[in-house]
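The chain contents come next:
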Amino acid sequence: MPDAEVNGTRLYYELHGSGAPVVLVHGSWVDATAWRFVVPGLAESFRLLVYDRRGHSRSERPGSQGSVEEDGDDLAALLEALELVPAHVVTSSFGGTIALRLAIRRPEFFRSLSCHEPPVWGLLEGDHESREILQHSSGLVQAIATRIAAGDHEAAARQFVDEVAFGPGAWENMLPPEGRAVLMQNAPTFLDELRDPDALKIDEDALRGLEISVRLTEGSESSPVFRRVVERLAELIPGATRETFEGAAHVPQFTSPERYVEVTKRALLRNAAA
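Residues numbered from 1 in each chain as written. Predicted model: local features only at pLDDT ≥ 70, side-chain atom pairs only at ≥ 80, totals over all residues. Heavy atoms only, no water.

(A) Here's a closer look at the overall build of the chain. Summing up its helical and strand segments, the chain has 11 helices and 8 strands in all. A globule of 274 residues ought to have a C-alpha radius of gyration of about 19 Å, and the chain, at 17 Å, matches this closely. Along the first, second and third principal axes, the C-alpha atoms of the chain reach 45 × 45 × 35 Å. Element-wise, carbon and sulfur atoms account for 49% of the exposed surface of the chain, whose accessible area totals about 11600 Å². In the chain, 27 positive and 42 negative side-chain charges are present, and the distance between their average locations comes to 2 Å. (Helix = DSSP H or I, 4+ residues; strand = E, 2+ residues; numbered from the N terminus. Rg over C-alpha atoms; globule rule 2.2 N^0.38 Å. Areas by Shrake-Rupley, 256 points an atom, 1.4 Å probe, with all protein chains shown as cover. Lys, Arg positive; Asp, Glu negative; His and termini not counted. Charge placed at Lys NZ, Arg CZ, Asp CG, Glu CD.)

(B) Fine view of the sheet that holds strand β7 (residues 214-219). The strand order across the open sheet formed by 8 strands is β1-β2-β4-β3-β5-β6-β7-β8, and the pairing between neighbours is mixed. The two strands at the open ends of the sheet, each matched to only one other strand, are β1 (3-6) and β8 (241-245). For this sheet the average axis-to-axis angle between neighbouring strands, irrespective of direction, equals 25 degrees. The sheet contacts of helix α2 (residues 68-81) involve β1, β2 (9-16), β3 (20-25), β4 (46-51) and β5 (87-92), and relative to β1 the element is tilted by about 115 degrees. (Pairing = 2+ DSSP bridges. Axes fitted to C-alpha atoms, helices over the stretch in contact; angles between N-to-C directions. Contact = heavy atoms within 4.5 Å.)

(C) Summary view of the packing of helix α5 (residues 153-165) against helix α7 (residues 177-194). At their nearest, the axes of α5 and α7 sit 9 Å apart, and the two run at 100 degrees to each other. The orientation of α5 relative to α7 falls into the category roughly perpendicular. Between α5 and α7, the residues in contact are His-153, Glu-154, Ala-157 and Val-161 and Leu-183, Met-184, Ala-187 and Pro-188, respectively. Each residue belonging to the contact of α5 with α7 can be placed in one class, and the counts come to 6 nonpolar, 1 polar and 1 charged. (Parallel < 35°, antiparallel > 145°, perpendicular 65-115°, else oblique. Nonpolar A, V, L, I, M, F, W, Y, C, P; charged D, E, K, R; others polar.)

(D) Fine view of unusual backbone geometry. A cis amide bond links Val-85 to the next residue, Pro-86, at an omega of -5 degrees. Of note, Pro-86 is situated in the loop between α2 and β5. The phi dihedral of Ser-93 is positive, around 50 degrees, even though this residue is not glycine. Relative to the assigned elements, Ser-93 resides in the loop between β5 and α3 (94-105). By relative accessible area, Ser-93 is classed as buried at 10%. (Buried < 20%, exposed > 50% of the residue type's maximum accessible area, 1.4 Å probe, protein only.)

(E) Local environment of the pairing of β3. Burial of β3 is extensive: 5 of the 6 residues sit out of reach of the surface. By the bridge criterion, 5 bridges tie β3 to β4 in an arrangement that is parallel. Paired with Pro-21 across the two strands is Arg-47, which belongs to β4. Where β3 meets β5, 4 bridges bridge the pair, whose relative direction is parallel. Considered in β5, the bridge of Val-23 is made with Val-89.

The following block contains the structure:
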């Protein structure tokens, strides 16, 4: 599969199917293979782009400190290079933060935007009702970051999987060895993301001015901090819709792929017909 030289870095990407352009933007720790269970179903109806974000797996890992804005510029440059502008942008976790911030700066790149639980925890600062869950989640992420900094990538990845993304026991019982290897390989990039002072922030006033179609999703079994962020985003973004994946948590594309394809395809086709 090909690489593209965009925005000063080399990105690995794949194109599948035909139809209206859709790009899937993965979150932290993983790579384009995080979408492997949903690519065949979505590619039946769309021209589908998946790629490894900079610093992940088959894409280049620059030696300098990265930023969420840089990731957004990568996405825009890749879409432009592949002549897929404007595209439906479908995201998971930190991929949603990247896309939301890009949509504020460059809305012309978007036909629509779907975000599953973007960790823009800065929206909860100052919210008394969210203080306890925010403190718990922030402490958890800090403990993971400390393990990565100490070189214990396996323990860090295990903690992220069992306590953030999937649930207790998932590292041992749900992830194959190659899946664990991807997370351990990409652990340093997660630490790099956390060191970006803007990684968990977003401009509330800018969100109020968004004029693209935005769909927000959450898992019924996800950590309360993600549900509260989705709730806050829905309050801020004009016309944003909100949908729950029942029985799923932070990665429904992995744990409930058939349902994910069904719900996502329906939303994209509905948006195209509007």
